[in-house]
Amino acid sequence: MAKLLIVDDDARLRRLVRTYGELDSHFCEEAADGQTALDKLGHGSFDLIILDVMMPGLDGFDVLEQIRKVSNIPVIMLTARSEEYDRLLGFRLGVDDYVPKPFSPKELMARVNAVLKRTRPRQEVSLTFGSLTILPASRTVTLFENELALSPKEFDLLLKLAQNEHLVMKREQLLQAVWGYHYFGDSRTVDTHIKSLRDRLGPYRGIIQTIWGVGYKFEYRKENVNDE
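Reference entry: report on the structure contained in this document. (Residues numbered from 1 in each chain as written. Predicted model: local features only at pLDDT ≥ 70, side-chain atom pairs only at ≥ 80, totals over all residues. Heavy atoms only, no water.)

A word on the overall build of the protein chain
- When you go through the protein chain residue by residue, the secondary structure sums to 8 helices and 12 strands.
- For a compact globule of 228 residues, the expected C-alpha radius of gyration is about 17 Å, and the protein chain comes in at 27 Å, more than 25% above that figure.
- Summarising its shape, the C-alpha atoms of the protein chain cover approximately 75 × 40 × 30 Å along the three principal directions.
- Residues counted as buried form 40% of the 228 residues belonging to the protein chain.
- The centroid of the 31 positive side-chain charges in the protein chain is displaced by 5 Å from the centroid of its 34 negative side-chain charges. (Helix = DSSP H or I, 4+ residues; strand = E, 2+ residues; numbered from the N terminus. Rg over C-alpha atoms; globule rule 2.2 N^0.38 Å. Buried < 20%, exposed > 50% of the residue type's maximum accessible area, 1.4 Å probe, protein only. Lys, Arg positive; Asp, Glu negative; His and termini not counted. Charge placed at Lys NZ, Arg CZ, Asp CG, Glu CD.)

Section: the nonpolar core
- Residues Leu158, Leu161, Leu201, Ile207, Ile208 and Phe218 are the most contacted members of the largest nonpolar core, which totals 28 residues.
- Ranked by residues supplied to this core, first place goes to helix 6 (residues 152-163) with 6 residues.
- Not counting the four nearest positions on each side in its chain, Ile207 is found in contact with Phe129, Leu132, Leu201, Lys217, Phe218, Glu219, Tyr220, Asn224 and Val225.
- In terms of nonpolar packing, the next biggest core, distinct from the first, is built from 21 residues, Ala31, Ala37, Leu51 and Leu93 among them. (Core = buried A, V, L, I, M, F, W, Y, C linked by side-chain atoms within 4.5 Å. Contact = heavy atoms within 4.5 Å.)

Some remarks on helix 8 (residues 187-201)
- Counted at 1.5 Å a residue, the expected span for helix 8 with its 15 residues is 21 Å, and the 21 Å between its end C-alpha atoms agrees.
- What helix 8 keeps buried is the set Thr189, Val190, Ile194, Leu197, Arg198 and Leu201. Summarising the axial view, the buried residues of helix 8 lie within an arc of 165°, below the 170-degree limit, and thus occupy one face. In helix 8, the exposed positions angled more than 90 degrees off the buried face are occupied by Arg188, Thr192 and Lys195. (Expected span 1.5 Å × (residues − 1). Arc of directions from axis to C-beta.)

Overview of the pattern of salt bridges
- With the rule as written, the count across this model stands at 18 salt bridges.
- Its salt-bridge partner being Arg111, residue Glu107 comes within 3.1 Å of it at the nearest N-O pair. Of this pair, Glu107 and Arg111 both sit in helix 5 (residues 105-119), separated by 4 residues, roughly a single helical turn.
- For Arg111, a relative accessible area of 26% translates into the label partly exposed.
- Between Arg139 and Asp156 there is a salt bridge, with the nearest N and O atoms lying 2.9 Å from each other. One end of the pair, Arg139, is in the loop between strand 7 (132-135) and strand 8 (140-143); the other, Asp156, is in helix 6, with 17 residues separating them in the sequence.
- The network of salt bridges with common partners includes Arg14, Arg18, Glu22 and Glu30. (Salt bridge = Lys/Arg side-chain N within 4 Å of Asp/Glu carboxyl O.)

A look at the sheet that holds strand 2 (residues 27-31)
- An order of 2-1-3-4-5 is seen for the 5 strands of this open sheet, with the pairing classed as parallel. Only two strands of the sheet have a single neighbouring strand rather than two, namely strand 2 and strand 5 (97-100). Averaged over all neighbouring strand pairs, the angle between strand axes comes to 20°, with direction disregarded.
- Two elements, strand 3 (residues 48-52) and strand 4 (residues 75-79), share 4 bridges in a ladder whose sense is parallel. Note on strand 4: the bridge partner recorded for Leu51 is Met77.
- Packing of helix 1 (residues 11-23) onto the sheet brings it into contact with strand 1 (3-7), strand 2, strand 3 and strand 4, and relative to strand 2 it is tilted by some 170°. (Pairing = 2+ DSSP bridges. Axes fitted to C-alpha atoms, helices over the stretch in contact; angles between N-to-C directions.)

Brief notes about helix 2 (residues 34-43)
- Gly34, Ala37 and Leu38 are the residues of helix 2 that are buried. Considered in projection along helix 2, the buried side chains sweep an arc of 95° and stay on one side of the axis.
- Each element contacted by the buried residues of helix 2 is listed here: strand 1, strand 2 and helix 3 (60-68).

Let's talk about the pairing of strand 7
- Pairing of strand 6 (residues 127-129) with strand 7, which is carried by 3 bridges, proceeds in the antiparallel orientation. If you follow Thr128 over to strand 7, its bridge partner there is Thr133.
- Hairpin remark: strand 6 followed by strand 7, antiparallel, with 2 residues in the connecting loop; positive phi at Gly130, about 60°.
- Bridging between strand 7 and strand 8 involves 4 bridges; their strand directions are antiparallel. Among the inter-strand pairings, Ile134 is bridged to a residue of strand 8, identified as Val141.
- Hairpin connection from strand 7 to strand 8: 4 residues lie between these consecutive antiparallel strands, with Arg139 at a positive phi of about 55°.

Everything listed here is a matter of coordinates, which is why it stays silent on function.
Structure (structure tokens):
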């Protein structure tokens, strides 16, 4: 569900878009002109704006220009004009999509949902093992809520091991996964980074186990860590 602002001087069109927006479980507000839209934006937050180009007073381009001075909120413009100049101006000002009039309300909602999906921040998936948290997207690791200063290769190595918890990873597998298939180092490169990574992990160093003659295994068990 999202909060939409529908800006158009045609009351019937606003009601039509609102009806389909609410059928898609969105919360909708309306504005009959550009200044009213800017006032609403100044006093509330919205997830997306459906903005008509041709309006009395401030037209859609004027409104979009004012919006982009303070916000990156997604904007879909409704236009009865098909001139290339208008479209290029809109994209230069930062419009996210165009829908020409007349339009299908269902197609408009499909475009709304597509823009929302593309522009909404994704919730980051984390890997958590007791007091240790690995955030792959932001490439950060926290231990007892304190961020660890890992090198890029240390992070990649820890992530690869954690993603394969309980599995024995051969040194050659780790070399290929972290350094690339064309890396011409030897297995001591892995050992050196494992030692450094364990030092960074401190009381959680035991989470990375050595499998002699083979490689390493990531295994979170209470006896492997010190949570005090």
